[in-house]
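Read off the chains here:
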Amino acid sequence: MPSTAETALRRTSLYERHAAAGAKLVPFAGWEMPVQYTGIRDEHLAVRRHAGVFDVSHMGEVQTRGPQATAFLQRVLSNEVRRLPEGGAQYSLLCREDGGIIDDLFTYRLADCEFLTVTNAANHQKDLAWMQEQAAGFDVDVIDRAAEFGMLAVQGPAARELAGGLADGPLPPRMHCCQRDLAGVPVLVCGTGYTGEDGVELLFDPEHAPAVWDALVQAGATPCGLGARDTLRLEVCFHLYGNDMDERRNPIEAGLGWCCKEQTGFIGADAVAAARAAGTPEKLVAFAIEGPGIPRPGNPILGGGIVTSGTFSPCLECGIGMGYVPSERATPGTGIEIDVRGTARAAVIKAKPLYQTKGP
Amino acid sequence: MSDASYPDDLLYHPEHDWARLKDADATFGITWFAQDALGEVVFFDPPPVGTTVTKDEPYTEVESVKAVSDVVAPLSGEIIEVNTALADKPETINDEPYGEGWLVKVKLSDPEEASSLLDAAAYKASLA
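About the criteria used
- Residues numbered from 1 in each chain as written.
- Chains lettered and ligands numbered in written order.
- Predicted model: local features only at pLDDT ≥ 70, side-chain atom pairs only at ≥ 80, totals over all residues.
- Helix = DSSP H or I, 4+ residues; strand = E, 2+ residues; numbered from the N terminus.
- Contact = placed C-beta atoms within 7 Å.
- Pairing = 2+ DSSP bridges.
- Axes fitted to C-alpha atoms, helices over the stretch in contact; angles between N-to-C directions.
- pLDDT = per-residue confidence, 0-100.
- Domains from an automatic or database assignment.
- Nonpolar A, V, L, I, M, F, W, Y, C, P; charged D, E, K, R; others polar.

A. Summary view of the environment of cysteine 224 of chain A. Residues and elements named next belong to chain A. Looking at the element boundaries, cysteine 224 is found in strand 13 (residues 222-224). Along the primary structure cysteine 224 and glycine 333 are separated by 109 residues, whereas in three dimensions their C-alpha atoms are 33 Å apart. With near-sequence residues (within four places) excluded, cysteine 224 lies in contact with Glu43, Ala46, Val47, Gly52, Val53, Phe54 and Arg229.

Here you go:
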């Protein structure tokens with residue numbers, strides 16, 4: 001990818017809405033995205049208590065279709081794609097042969113031989129190239145659909161009721177998807193999200209984005225930026241690609257073994273099976289700071305290890321984070337110290353999630 | 001959150017700090033622009049009383065949910081008081097950046113340094 005400094009940032013079709021709402025816009029993965037509107041803490045708490053709406057149109061989409069679509073995806077994705085029913089959703093990883101994580105993805109099965117996979121914006125071109133390369137020998141089309149979808153996440157205990165009131169039929173259950181008219185436009189409604197709360201994600205023609213956004217905000221969803229998206233996902237210990245895992249980490253050390261089904265023979269399965277059997281030198285853990293201090297990515301963990309995500313938790317009201325530590329020190333309850341810009345801050349490794357939501 | 005303002009009775013450092021001079025002492029804080037750029041402050045861990053601060057050098061940090069920001073000393077001296085009330089209510093830095101949101105009081109080692117700081121009009125012009 002060309003350096004963002006010399007490349008014009010892309011804007012989603014909601015740019016004017018964000019600017020009018022007073023959003024602070026920042027460069028993110030080549031896009032100019034809202035990091036916050038009124039404040040990260042307010043937006044975070046709105047999602048935990050009621051409902052928030054996030055513009056996640058920067059995320060990419062890849063369509064896979066053809067007689068061997070299932071067989072192909074089963075080869076590249078770590079989870080058990082053949083068990084994914086029509087109208088189902090599944091989280092999985094794209095791995096290299098050595099188990100290194102290329103991306104983490106949600107895949108929706110739209111029909112028997114048709115799937116839609118949502119990629120991280122920064123990884124979209126890389127994922128697409130990888131998938132197309134691996135598709136040789138399969139009777140399948142792997143098609144870039146990133147430009148054809150806008151995407152909103154509506155999240156929070158009231159999100160379903162709020163979005164459902166705009167739809168022409170019932171919303172799909174958790175980890176399912178279906179086509180609906182919502183706010184008067186055709187929308188692929190998905191019972192997924194990345195905040196730990198119940199809610200839906202909506203995919204639609206980008207030209208309809210303002211209509212869907214306006215209807216959701218009118219119905220009471222709080223506009224939320226990427227800042228709150230990050231604090232929400234970290235409280236429930238959902239991984240952020242590029243922080244908590246990348247191509248140098250395998251799924252076992254990253255704590256993502258649960259979405260790897262080695263018996264399917266996916267690319268990287270042998271390496272994952274070997275890591276699962278032998279254990280890994282380091283493991284990704286979640287921790288909370290005891291007392292003052294806010295950990296940040298890159299802070300060293302004393303005695304070995306590094307913080308990969310860190311922030312102030314609006315719900316727990318303390319510094320929280322995730323990071324890699326030597327496996328023998330990865331047990332919940334273990335005390336660690338984090339070097340936060342020269343000050344050793346005491347922390348305790350916690351069971352995941354750090355914050356328990358009521359839903360989904 | 002407060003509205004943008006830059007009181008005339010303060011001196012300003014281009015790194016978005018202010019100083020309120022009283023005899024050979026000064027109170028330091030961050031400007032409205034600085035707190036707005038940072039977002040809601042959730043943590044301020046002041047340096048201990050007695051710490052020596054040097055003009056143009058960072059002497060402490062303020063943190064929002066998203067980011068940590070160095071705070072630069074507008075003038076040199078020794079810290080004689082810190083705003084301990086911010087430990088429980090760091091958001092005061094957002095609400096009243098020039099009032100209850102002050103950070104430290106300093107006994108100046110070289111009050112003449114103040115001549116290099118900006119007045120409100122010059123600081124405001126630097127933001128344009």
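Having seen the model, we can carry on.
B. Local environment of the sheet that holds strand 11 (residues 185-190) of chain A. Residues and elements named next belong to chain A. In space, the six strands of this open sheet follow the order 10-11-12-9-3-13, with mixed pairing throughout. What marks the edges here is a single partner per strand, and that holds for strand 10 (177-182) and strand 13. The sheet shows a mean angle of 30° between the axes of neighbouring strands, taken without regard to direction. In terms of strand pairing, strand 10 meets strand 11 through six bridges, oriented antiparallel. Along strand 11, the bridge assignment pairs arginine 180 with valine 187. Here helix 2 (residues 40-49) sits on the sheet and contacts strand 3 (52-55), strand 9 (150-155) and strand 13; the angle it forms with strand 13, its principal contact strand, is near 125°. Against the sheet, helix 6 (residues 209-218) makes contact with strand 3, strand 9, strand 10, strand 11, strand 12 (199-204) and strand 13, and its axis sits at roughly 10° relative to strand 9, the strand it touches most.

C. Region of the structure containing the confidence of the model for chain B. For chain B, mean pLDDT is 95; residues scoring 70 or higher make up 98% of the total. Scored as a complex, the prediction yields pTM 0.93 and ipTM 0.84.

D. Molecular detail of the domain arrangement of chain A. All names here are of chain A. One can read the domain layout of chain A as domain 1 (4-57 + 149-235), domain 2 (60-147) and domain 3 (281-350). Contacts between the two partners involve eight residues from domain 1, matched on the other side by eight residues from domain 3. Secondary structure elements with two or more residues in the side of domain 1 that touches domain 3: helix 2 and helix 7 (226-235). A per-class count over the side of domain 1 that touches domain 3 returns two nonpolar, two polar and four charged.

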